[in-house]
Amino acid sequence: MRKRALFAALSLGVAIATALAACGSGPAPDGAGDGTITMGFSQVGAESGWRTANTKSVQEAASAAGVDLKFSDANGKQENQISALRSFIQQGVDVLAFSPVVRTGWDAVLLEAKNAGIPVILTDRAVDTTVPDAYVSFLGADFVDEGRRAGQWVVEEYAGQAEPVNIVILEGTTGADPAIDRNTGFEEAISASPNLNVIASQTGDFTRSGGKQVMEAFLKAHPDIDLVFAQNDDMGLGAVEAIQAAGKTPGQDIKIVAVDATSDGMRALADGKFNFLVECNPLLGPQLMDLAEKVLAGEPVPARVVVPDETFTTQQAIEALPNRQY
Ligand code: AHR
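Cut-offs used in this document
Residues numbered from 1 in each chain as written. Predicted model: local features only at pLDDT ≥ 70, side-chain atom pairs only at ≥ 80, totals over all residues. Heavy atoms only, no water. UniProt positions renumbered as here; feature names shortened; annotations may be inferred. Near = heavy atom within 4 Å. Polar contact = N/O pair within 3.5 Å; in protein donor to acceptor, adjacent residues only side chain to side chain. Areas by Shrake-Rupley, 256 points an atom, 1.4 Å probe, with all protein chains shown as cover. Nonpolar A, V, L, I, M, F, W, Y, C, P; charged D, E, K, R; others polar. Axes fitted to C-alpha atoms, helices over the stretch in contact; angles between N-to-C directions. Helix = DSSP H or I, 4+ residues; strand = E, 2+ residues; numbered from the N terminus. Parallel < 35°, antiparallel > 145°, perpendicular 65-115°, else oblique. Contact = heavy atoms within 4.5 Å. Expected span 1.5 Å × (residues − 1). Buried < 20%, exposed > 50% of the residue type's maximum accessible area, 1.4 Å probe, protein only. Arc of directions from axis to C-beta. Pairing = 2+ DSSP bridges. Salt bridge = Lys/Arg side-chain N within 4 Å of Asp/Glu carboxyl O. Core = buried A, V, L, I, M, F, W, Y, C linked by side-chain atoms within 4.5 Å.

Within an unreviewed UniProt entry, the label attached to the protein reads ABC transporter substrate-binding protein, and the organism entered is Mycolicibacterium austroafricanum. What UniProt states about the protein under its Subcellular location (unreviewed entry) heading is, verbatim, "Cell envelope". For the protein, the Sequence similarities (unreviewed entry) comment in UniProt is given as "Belongs to the bacterial solute-binding protein 2 family."

As C-alpha cells, this is what we get:
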C-alpha cells in the first residue's frame, strides 16, 4: 500500500521529502514499505511458442526479483483481461502489467487503475487510449520495423525479377498491435516494387492451427503462390504443414518469411522450410521487473523501452540454434 501511495504522491507532484517527513521514516531503496512488490499481470493467452516463452520469462524474473506475481491468462479474450485487471485493482496490487490482446477498448479500466493510484506498465503490445498518462511505460519490440525488415528481405530476394511475385499474408489476431504494425511495415517495404503483389491476406490468429487452416484455403484459391509472409512462427509452421499436404515443398516451391525466431521457427529455417526470420524477443521479464521496481521507488522510467531484434538467414539460424534460449 505504501508503495502505491508513494507512486501516487509523486505522480501528483508532491515533493518526496515532504512525503517522507510526513511518514516519519524513509522508504526502502526499492520504494517498498514491506519489501515486497505485488504485481498483477494479465497475459494474452498461450497462443504461440513466443507467448509460452514470454510467460516463463515473466514468471521466472518475478521469482528472481522477489516480486509477488499474480498471473492471469486471458485465453485470447479482451473481456477476460479487463476482468483480471479489475480484480487486481480490487486486490490492491502495487503495479499492473499487461500485454493487451487488441489495441483499443481499454479506456475504462485504465481510468480505474489511474483513479486507484496503481501504475500500469504495458508489456509486449501497445494500446490506443484517450486517458492521459494511462500508463507509465511501454516495454516491447518495434513491430513496424519487424514487418519492414521482413518486407525488405522480400524486396532483395526478388530484386531484378520482372515477373509478378504472388504473396499471401498470414496475419496475427485482428486488431492486435503486432498484426497492425507488421502489416504497416511490410506493405511500406514492398510498396515501391510493382512486381510484388499481395494476392490474399487473412488472420490466422497467431496460432499454428489457424495458419494451417488459412494456408489450406489460400492454396485452394490460388494455385500460384510464391511467398508467404507469416506474422509469427506458429502460423508459418502451420503453413509448412498445409504446403506439404498440397504436395509442394515449403522453402522452395513456396518461400516463407516469418516473425519471432523461436527455436521451432529457427529449426524450420535451418532445415530450409523457412527462408528468413525476423526476431521478436519474448524475454521481457527481467526488464519488466526492473521497470516496476523503479516506478515504485519513484525513479523516472522511459515512456517507451524498445526491445532490439535481430534477423536470421538459414546459415545464421544453423549457427544460433545450439544456444537459442527460447
Ligand atoms: O505480441 C507478440 C506476438 O504475439 C508474437 O509475435 C506472436 O507469436 C504472439 O502470439
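There is more to say after this.
What about the site of the ligand?
Lining the immediate surroundings of the ligand are Glu47, Ser48, Trp50, Arg51, Asp124, Arg125, Phe143, Pro178, Arg182, Phe206, Asn232 and Asp260. Interatomic distance of 3.1 Å between a side-chain N/O atom of serine 48 and an oxygen atom of the ligand. For the ligand, the accessible surface in isolation is 280 Å², of which the surrounding protein chains cover 100%. Class assignment of the residues belonging to the shell around the ligand gives a composition of four nonpolar, two polar and six charged.

So, the packing of helix H4 (residues 78–91) against helix H5 (residues 107–115)
Across the interface, H4 lies against H5 with an axial gap of 10 Å and an inter-helix angle of 10 degrees. Our classification of the angle between H4 and H5 gives roughly parallel. Taken together, the residues of H5 that come into contact with H4 (itself represented by Ile82, Leu85, Arg86 and Ile89) are Ala108, Val109, Glu112 and Ala113. Residue composition of the contact of H4 with H5, grouped by class: six nonpolar, no polar and two charged.

A few points about helix H11 (residues 285–296)
The end-to-end C-alpha separation of H11 is 17 Å, in line with the 16 Å expected for twelve residues at 1.5 Å each. Of the residues making up H11, those classed as buried are Gly285, Leu288, Met289, Leu291, Ala292, Val295 and Leu296. Seen along its axis, H11 keeps its buried residues to an arc of 160 degrees; they face one direction. Looking one or two residues beyond H11, the residue adopting positive phi is glycine 298, at roughly 80 degrees.

Points about the sheet that holds strand S7 (residues 196–203)
Sheet architecture is open: six strands sit in the order S7-S6-S8-S9-S10-S12, paired in mixed fashion. Bordering the open sheet on either side are S7 and strand S12 (311–312), each of which pairs with just one other strand. Summarising the sheet, strand S9 (residues 255–260) and strand S10 (residues 276–279) pair through four bridges and their orientation is parallel. Counterpart to alanine 258 in the pairing with S10 is leucine 277. Lying over the sheet, helix H8 (residues 208–221) contacts strand S6 (165–171), S7 and strand S8 (227–230), oriented at roughly 150 degrees with respect to S6. Sheet strands touched by helix H10 (residues 263–270): S10 and S12. Its angle to S10, the strand with the most contacts, is close to 155 degrees.

Considerations on the pattern of salt bridges
Counting across every chain of the model gives 20 salt bridges. Between arginine 51 and aspartate 124 there is a salt bridge, with its nearest N and O atoms 2.9 Å apart. One end of the pair, arginine 51, is in helix H3 (residues 49–65); the other, aspartate 124, is in the loop between strand S4 (120–123) and strand S5 (137–141), with 73 residues separating them in the sequence. Using a relative accessible area of 1% as the deciding quantity, one classes arginine 51 as buried. Between aspartate 234 and arginine 208 there is a salt bridge, and its shortest N-O distance comes to 4.0 Å. In this pair, aspartate 234 sits in helix H9 (residues 233–245) while arginine 208 sits in helix H8, placing the two residues 26 residues apart along the sequence. It is possible to trace a salt-bridge network through shared partners that takes in Glu47, Arg51, Asp124 and Arg125.

A few points about the nonpolar core
Judged by nonpolar contacts, the single largest core of 31 residues is most densely connected at Leu170, Met215, Phe218, Val228, Phe274 and Leu277. Of all the secondary-structure elements, those providing two or more residues to this core are S6, H8, S8, H9, S9 and H10. Ranked by residues supplied to this core, first place goes to H9 with six residues. The contacts of leucine 277, once residues within four sequence positions are left out, are Asp233, Ala258, Val259, Ala261, Gly265, Met266, Leu269, Glu310, Thr311 and Phe312. With 21 residues, the next largest nonpolar core counts Ala97, Leu284, Leu291 and Leu296 among its residues.

Thoughts on the sheet that holds S4
Strand order in the open sheet formed by six strands is S2-S1-S3-S4-S5-S11, with parallel pairing between adjacent strands. On the outer flanks of this sheet lie strand S2 (68–73) and strand S11 (304–307), each paired with one strand and no other. Taken over all neighbouring pairs, the strand axes of this sheet differ in orientation by 15 degrees on average, direction set aside. Two elements, strand S1 (residues 38–43) and strand S3 (residues 95–98), share four bridges in a ladder whose sense is parallel. From the neighbouring strand, glycine 40 faces S3, where its bridge partner is leucine 96. The strands touched by H3 within the sheet are S1 and S2, with S2 carrying the most contacts at an inclination of about 160 degrees.

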